[in-house]
Amino acid sequence: MQYSYHDVSKMIDHALLAPTLSVDDLENGCRMAAAYDVASICIMPYYVGRCAEILSRTTVLPSTVIGFPHGGQATTTKVSESEGAIADGAIELDMVVNISAVLSGRWRYVKDEIATIVGVAHAVDRKVKVIFENCYLQDDHKKQLCAICCDIGADWVKTSTGFGSHGATMEDLELMISHTAPPTQVKAAGGVRDLTALLKARSLGVTRVGTSATAAILDPARQQLGMEPVDLSDGSSKSSY
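Anyway, here's the lowdown on the structure attached to this text.

## Some thoughts on the overall build of the chain
Next, step 1: Tallying secondary structure elements over the chain gives ten helices and eight strands in all.
Next, step 2: In summary, the chain has a C-alpha radius of gyration of 17 Å against a globular reference of 18 Å for 241 residues, a match within 12%.
Next, step 3: Projected onto its principal axes, the C-alpha positions of the chain cover 50 × 35 × 30 Å.
Next, step 4: Per-residue burial over the chain gives 53% buried out of 241 residues.
Next, step 5: A sequence separation of at least 24 residues applies to 70% of the contacts in the chain between residues at least 6 apart.

Structure follows, in structure tokens:
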């Protein structure tokens with residue numbers, strides 16, 4: 001499969017979400033991901049402002065999570081989180097659906113909540129990735145969520161938080177691709193930790209991948225493309241996402 005460096009680097013949302021990451025880890029992780037010129041850094045909400053500052057002269061976007069990791073917050077709480085993140089400089093928001101409501105078949109609640117957050121973001125030209133947490137769902141749930149997100153105009157549907165019982169599977173990616181249509185795209189998260197897996201996801205039509213394994217994915221790509229290695233002496237990739 002032929003690809004350019006940015007074909008793969010701009011698929012990656014570098015994850016800095018593990019609760020044990022220190023401020024030094026966050027600082028170094030931001031600089032490392034910027035050096036690799038990824039699509040975005042998805043960072044824990046309290047550090048969005050600093051992340052946006054570090055990335056201000058790069059093409060890497062600051063992003064963060066909403067209702068993370070279980071989605072059980074009230075819609076008003078998710079709205080407040082979204083507004084705060086946007087004020088701090090987040091360009092993209094990764095929001096967890098209310099998993100309890102999904103499993104209970106409360107589809108009106110689920111749709112209204114997603115529409116509310118997408119409305120908050122789109123009103124100020126920000127984007128939303130809707131996290132399903134597929135490890136807890138049946139295929140019918142996933143299909144219904146895809147239909148809802150496409151109807152609302154969510155920017156991405158996303159497999160997982162990376163903190164559930166498992167992350168993205170190729171079967172789930174195929175299902176989500178087959179049940180979405182532009183402009184809604186598909187993001188894989190959790191479990192994509194090497195270049196082979198990323199290229200496989202790309203071949204299916206996936207446009208973003210959430211991972212902390214940025215160096216492990218992009219170093220082989222740079223080598224294959226005859227590029228100089230990135231100096232990681234000031235970087236960090238400590239996580240398990």
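## A few points about the side chain of threonine 159
Next, step 1: Tracing the sequence through the fold places threonine 159 in the loop between strand S6 (156-158) and helix H8 (170-178).
Next, step 2: Overall, threonine 159 belongs to the buried group, its relative accessible area being 1%.
Next, step 3: Reaching out from threonine 159, the side chain makes a polar contact with the backbone nitrogen of alanine 189 at a distance of 3.0 Å.
Next, step 4: Filtering out sequence-adjacent residues up to four positions away, threonine 159 remains in contact with Phe132, Glu133, Asn134, Ala168, Leu173, Met176, Lys187, Ala188 and Ala189.

## Digging into the packing of aromatic side chains
Next, step 1: This structure, assessed with the given rule, holds two aromatic pairs.
Next, step 2: Taking 5.5 Å as the distance between ring centres and 65 degrees as the angle between the ring planes, the aromatic pair formed by tyrosine 46 and tyrosine 47 counts as edge-to-face.
Next, step 3: A residue is classified by how much of its surface remains accessible, and tyrosine 46, at 56% relative accessible area, is exposed.
Next, step 4: The exposure class assigned to tyrosine 47 is buried, which follows from its relative accessible area of 11%.

## Quick look at helix H4 (residues 75-88)
Next, step 1: End to end, H4 covers 20 Å across 14 residues, agreeing with the expected 20 Å (1.5 Å per residue, within 8%).
Next, step 2: Inspection of H4 places Thr75, Lys78, Val79, Ser82, Ala85 and Ile86 among the buried residues, and these make up the whole buried set. Here the buried residues of H4 occupy an arc of 130 degrees about the axis, which is enough to place them on one side. Facing away from the buried side of H4 by over 90 degrees, the exposed positions are Thr76 and Ala87.
Next, step 3: At its buried positions, H4 is contacted by helix H3 (48-54), strand S3 (61-66), strand S4 (92-96) and helix H6 (107-122).
Next, step 4: At the C-terminal side of H4, glycine 89 shows a positive phi close to 115 degrees.

## A look at the packing of H6 against helix H7 (residues 139-152)
Next, step 1: Where H6 meets H7, the axes come as close as 10 Å, and the angle between the chain directions of the two elements is 40 degrees. In terms of axis orientation, H6 runs oblique to H7. Crossing of H6 against H7: the hand is right-handed. In this structure, H6 uses Trp107, Val110, Lys111, Ile114, Ala115 and Val118 to contact H7, whose residues at the interface are His141, Gln144, Leu145, Ile148, Cys149, Asp151 and Ile152.

## Concerning the environment of lysine 78
Next, step 1: Relative to the elements of secondary structure, lysine 78 occurs in helix H4.
Next, step 2: Overall, the relative accessible area of 0% leaves lysine 78 in the buried class.
Next, step 3: Linking lysine 78 and leucine 93, residues 15 residues apart in sequence, is a C-alpha distance of 11 Å.
Next, step 4: Ignoring any residue separated from it by four or fewer positions in sequence, one finds lysine 78 in contact with Ile66, Gly67, Gly71, Gln73, Met95, Val96, Val97, Asn98, Glu113 and Ile117.

## Some details on the environment of threonine 59
Next, step 1: As for its placement among the helices and strands, threonine 59 is situated in the loop between H3 and S3.
Next, step 2: Measuring from C-alpha to C-alpha, the distance between threonine 59 and serine 160 comes to 25 Å, with 101 residues separating the pair along the chain.
Next, step 3: The contact partners of threonine 59, leaving out residues within four places of it in the chain, are Lys10, Asp37 and Ala39.
Next, step 4: A polar side-chain atom of threonine 59 sits 2.8 Å from a polar atom in the side chain of lysine 10.
Next, step 5: For threonine 59, the side chain forms a polar contact with the side chain of aspartate 37, separated by 2.6 Å.

Cut-offs applied
Residues numbered from 1 in each chain as written. Predicted model: local features only at pLDDT ≥ 70, side-chain atom pairs only at ≥ 80, totals over all residues. Heavy atoms only, no water. Helix = DSSP H or I, 4+ residues; strand = E, 2+ residues; numbered from the N terminus. Rg over C-alpha atoms; globule rule 2.2 N^0.38 Å. Buried < 20%, exposed > 50% of the residue type's maximum accessible area, 1.4 Å probe, protein only. Contact = heavy atoms within 4.5 Å. Polar contact = N/O pair within 3.5 Å; in protein donor to acceptor, adjacent residues only side chain to side chain. Phe/Tyr/Trp six-rings, centres within 6.5 Å; stacked < 30°, edge-to-face > 60°. Expected span 1.5 Å × (residues − 1). Arc of directions from axis to C-beta. Axes fitted to C-alpha atoms, helices over the stretch in contact; angles between N-to-C directions. Parallel < 35°, antiparallel > 145°, perpendicular 65-115°, else oblique. Left-handed = near helix turned anticlockwise from the far one by under 90°.

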